[in-house]
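In case you want the letters, here they are:
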Amino acid sequence: MSTWDLGDVPDQRGRRVVVTGASSGLGLVVARELAKRGARVVMAARDVGKAARHREALLAEHRAATVDVLRLDLMDLDSVRAFVADVTAEPVDALLNVAGIAGTPLRRSAQGWESQFATNHLGHFALTTLLLPALGHGWEPRVVTVTSTVYRYGRLDLDRDDHLTGGRRYSPMRAYARSKLANVLFALELERRLRETCSPVRSVLAHPGMASTPMNTDRCHYLLDRLISPVASRVARAPEDAALPILYAATVPELEGGSFVGPRTEFRGPMRVTRIPVRPPGNDPDLARRLWEVSEELTGTHSAVFAGH
């Protein structure tokens, strides 16, 4: 597996894949590589104009590719519901939750939640929950959630309002780590629920390491830029390399639910597959269950797939 590269991505003909954050960075790379291999790709993006331009460039190079662009603003749950309504007319074989923001000044979503928690977790939670019926009819269906080993530094107290809305002592770095911890806990609880209901859908985590993408190079917070940019300049990988764990998690048929795919080191290195979760605090099943329940309340989304569980 350590030598697995873009040339090893299996044929994806017959699969329909939804990729969030597909207008730039890792989402764009993943969408492009899957489309090149025959997948019917839905590019989910807040900036549909930018995504459409990338779509045209891809089709110019690969005329047989099938790519649709749909608007999705993960910071607005109404946008999530509208997107789902447009997508669920057909089965979905894979949902790749790639979109993310990091180190942003304090902002709040349309529903009032801190922007990093809203984008990285709540929006994807609602999207996944609402797409589960369509995924249940897919071929080797799976949900791939992209996280970061920064989750190990995250602290999530669901009884603290500032952990959900930002509060007066907002820290961009702590908020980002909190959102990445939420990703791990979400993937863990999703897999537990899927197995409990004998669903064919698999929940998988992917960690790309540090990539030279806009999320790591375009920063609005001075202190975060001072801390991370010097590291990124030395160890960040090309997007095509950083996308490999996501592509592996999305396409390898024998990959089990509950797998965690990422580089061996914090930022880069050969890929390895471990189990969710790798380390505390991501291995707290009680917190994972509580996060699920609170996320249902905050988003107003409940999946009939898990009714009674």
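Computed from a predicted model, the values in this text were never measured in an experiment.

Draft legend 1. Molecular detail of the sheet that holds strand β4 (residues 94-97). Judged by pairing direction, the sheet is mixed, and its eight strands sit side by side in the order β3-β2-β1-β4-β5-β6-β7-β8 without closing on themselves. The open sheet terminates on both sides in strands that have one partner only, identified here as β3 (66-71) and β8 (271-275). With direction set aside, neighbouring strand axes in the sheet form an average angle of 20 degrees. Note: strand β1 (residues 16-20) against strand β2 (residues 40-45), five bridges, orientation parallel.

Draft legend 2. The confidence of the model for the protein, seen in detail. On average, residues of the protein carry a pLDDT of 91, and 89% of them reach 70 or more. Predicted confidence for residues 216-220 stays below pLDDT 50, and this span has nine contacts to residues more than four positions away or in other chains.

Draft legend 3. View of the packing of aromatic side chains. With the rule as written, the count across this model stands at five aromatic pairs. Ring plane angle 75 degrees and centroid distance 4.9 Å describe the contact between F125 and W292, whose orientation is recorded as edge-to-face. Taken together, the residues F125 in helix α4 (residues 115-136) and W292 in helix α11 (residues 285-299) connect sequence positions 167 residues apart. Judged by its relative accessible area of 0%, F125 is buried. The class for W292 is buried, based on a relative accessible area of 2%. Every member of this aromatic cluster is reached through a ring pair, and the members are F125, F186, W292 and F306.

Draft legend 4. Representation of helix α6 (residues 172-196) within the structure. The end-to-end C-alpha separation of α6 is 36 Å, in line with the 36 Å expected for 25 residues at 1.5 Å each. After α6 finishes, the residue C198 shows a positive phi value of roughly 55 degrees.

Draft legend 5. Focus on the pattern of salt bridges. This structure, assessed with the given rule, holds 18 salt bridges. The partner of R142 in a salt bridge is E140, and the shortest N-O contact between them spans 3.9 Å. Taking the shortest distance from any N to any O, the salt bridge between R289 and D286 comes out at 3.4 Å. Note that R289 and D286 are positioned in helix α11 at a spacing of three residues, about one turn of the helix. Beyond isolated ion pairs, a larger network of salt bridges with shared partners links R32, E33, K36, R37 and E240.

Rules used throughout
Residues numbered from 1 in each chain as written. Predicted model: local features only at pLDDT ≥ 70, side-chain atom pairs only at ≥ 80, totals over all residues. Heavy atoms only, no water. Pairing = 2+ DSSP bridges. Helix = DSSP H or I, 4+ residues; strand = E, 2+ residues; numbered from the N terminus. Axes fitted to C-alpha atoms, helices over the stretch in contact; angles between N-to-C directions. pLDDT = per-residue confidence, 0-100. Contact = heavy atoms within 4.5 Å. Phe/Tyr/Trp six-rings, centres within 6.5 Å; stacked < 30°, edge-to-face > 60°. Buried < 20%, exposed > 50% of the residue type's maximum accessible area, 1.4 Å probe, protein only. Expected span 1.5 Å × (residues − 1). Salt bridge = Lys/Arg side-chain N within 4 Å of Asp/Glu carboxyl O.

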